[in-house]
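Below, each chain spelled out in residue letters.
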Amino acid sequence: QVQLVESGGGLVQAGESLRLSCAASGRTFSTTVMGWFRQAPGKEREFVAGIVWSGGSAYYGDSVKGRFTISRDNAKNTVYLQMNSLKPEDTAVYYCAVKRAGYRYEDARGYSYWGQGTQVTVSS
């Protein structure tokens, strides 16, 4: 079992930044591949970013490339999502999850142990 707890969401204005955190417990975090997804009301869950266990490679959804950065600190069992130049369309609940082998990063079916999510609201 893995427990994931997201934090850091809030209300910001367009152009501002936020950093989300996802704290993991219950399993060897350093060997997991982690991902961030988001879901806006009435929309499907969307892949945001993923990172391999070593932190050496990261992957991003097209809508956030160049603005968001995913990172991890295995000593703290935490993965982060730095979000810069936020836009109103980034408004959503953001979730972190553990990726399973054999699935594409963008495929939400390939993730298990989802957190409860943290709300990000960007006003124009």
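Here's a quick rundown of the structure. For clarity, every value in this text was computed on a predicted model and none was experimentally measured. (Residues numbered from 1 in each chain as written. Predicted model: local features only at pLDDT ≥ 70, side-chain atom pairs only at ≥ 80, totals over all residues. Heavy atoms only, no water.)

Applying the stated rule across the entire model yields 1 cavity of 30 Å³ or more. Its volume calculated, the largest cavity comes out at about 30 Å³. Val2, Leu4, Ala24, Arg27, Phe29, Thr32, Met34 and Val98 are the residues that line the largest cavity. The residue inventory of the lining of the largest cavity, partitioned by class, reads 6 nonpolar, 1 polar and 1 charged. (1 Å grid on protein atoms, 1.4 Å probe; cavity = no way out; pocket = protein on both sides within 12 Å on 5 of 7 lines; lining within 4 Å. Points joined across faces, edges and corners; volume = space filled by probe spheres on them. Nonpolar A, V, L, I, M, F, W, Y, C, P; charged D, E, K, R; others polar.)

In this section: the state of the cysteines. Using the criterion set out here, one finds 1 disulfide in the structure. Disulfide partner of cysteine 22: cysteine 96, at an S-S distance of 2.0 Å. Of note, the bridge from cysteine 22 to cysteine 96 carries an S-S torsion of about 60 degrees and is right-handed in sense. Of this pair, cysteine 22 sits in strand β3 (residues 18-25) while cysteine 96 sits in strand β9 (residues 92-99); the two residues are 74 residues apart in sequence, bridging distant segments of the chain. Accessibility assignment for this pair places cysteine 22 and cysteine 96 in one class, buried. (Disulfide = S-S within 2.5 Å. Helix = DSSP H or I, 4+ residues; strand = E, 2+ residues; numbered from the N terminus. Buried < 20%, exposed > 50% of the residue type's maximum accessible area, 1.4 Å probe, protein only.)

Spatially, the 4 strands line up as an open sheet ordered β1-β3-β8-β7, and their pairing is antiparallel. Two strands bound the open sheet, and with one partner strand each, they are β1 (3-7) and β7 (68-73). The sheet shows a mean angle of 15 degrees between the axes of neighbouring strands, taken without regard to direction. (Pairing = 2+ DSSP bridges. Axes fitted to C-alpha atoms, helices over the stretch in contact; angles between N-to-C directions.)

Let us now look at the packing of aromatic side chains. Given two aromatic rings, one states the distance between the centres and the angle between the planes to describe the pair. Tallying each qualifying case throughout the model produces 7 aromatic pairs. A centroid spacing of 4.8 Å and a plane angle of 80 degrees characterise the contact between phenylalanine 37 and tyrosine 111, whose relative ring orientation is edge-to-face. Of this pair, phenylalanine 37 sits in strand β4 (residues 33-39) while tyrosine 111 sits in strand β10 (residues 111-112), placing them 74 residues apart in sequence. For the pair phenylalanine 37 and tyrosine 111, a shared accessibility class is recorded, and that class is buried. (Phe/Tyr/Trp six-rings, centres within 6.5 Å; stacked < 30°, edge-to-face > 60°.)

The next thing to look at is the environment of serine 17. Within the secondary structure, serine 17 is located in the loop between β2 (10-13) and β3. A relative accessible area of 37% means that serine 17 is categorised as partly exposed. For the pair formed by serine 17 and methionine 83, sequence separation is 66 residues and the distance between their alpha carbons is 5.4 Å. Apart from the residues within four sequence positions on either side, serine 17 is in contact with Val12, Gln82, Met83, Asn84, Ser85 and Leu86. (Contact = heavy atoms within 4.5 Å.)

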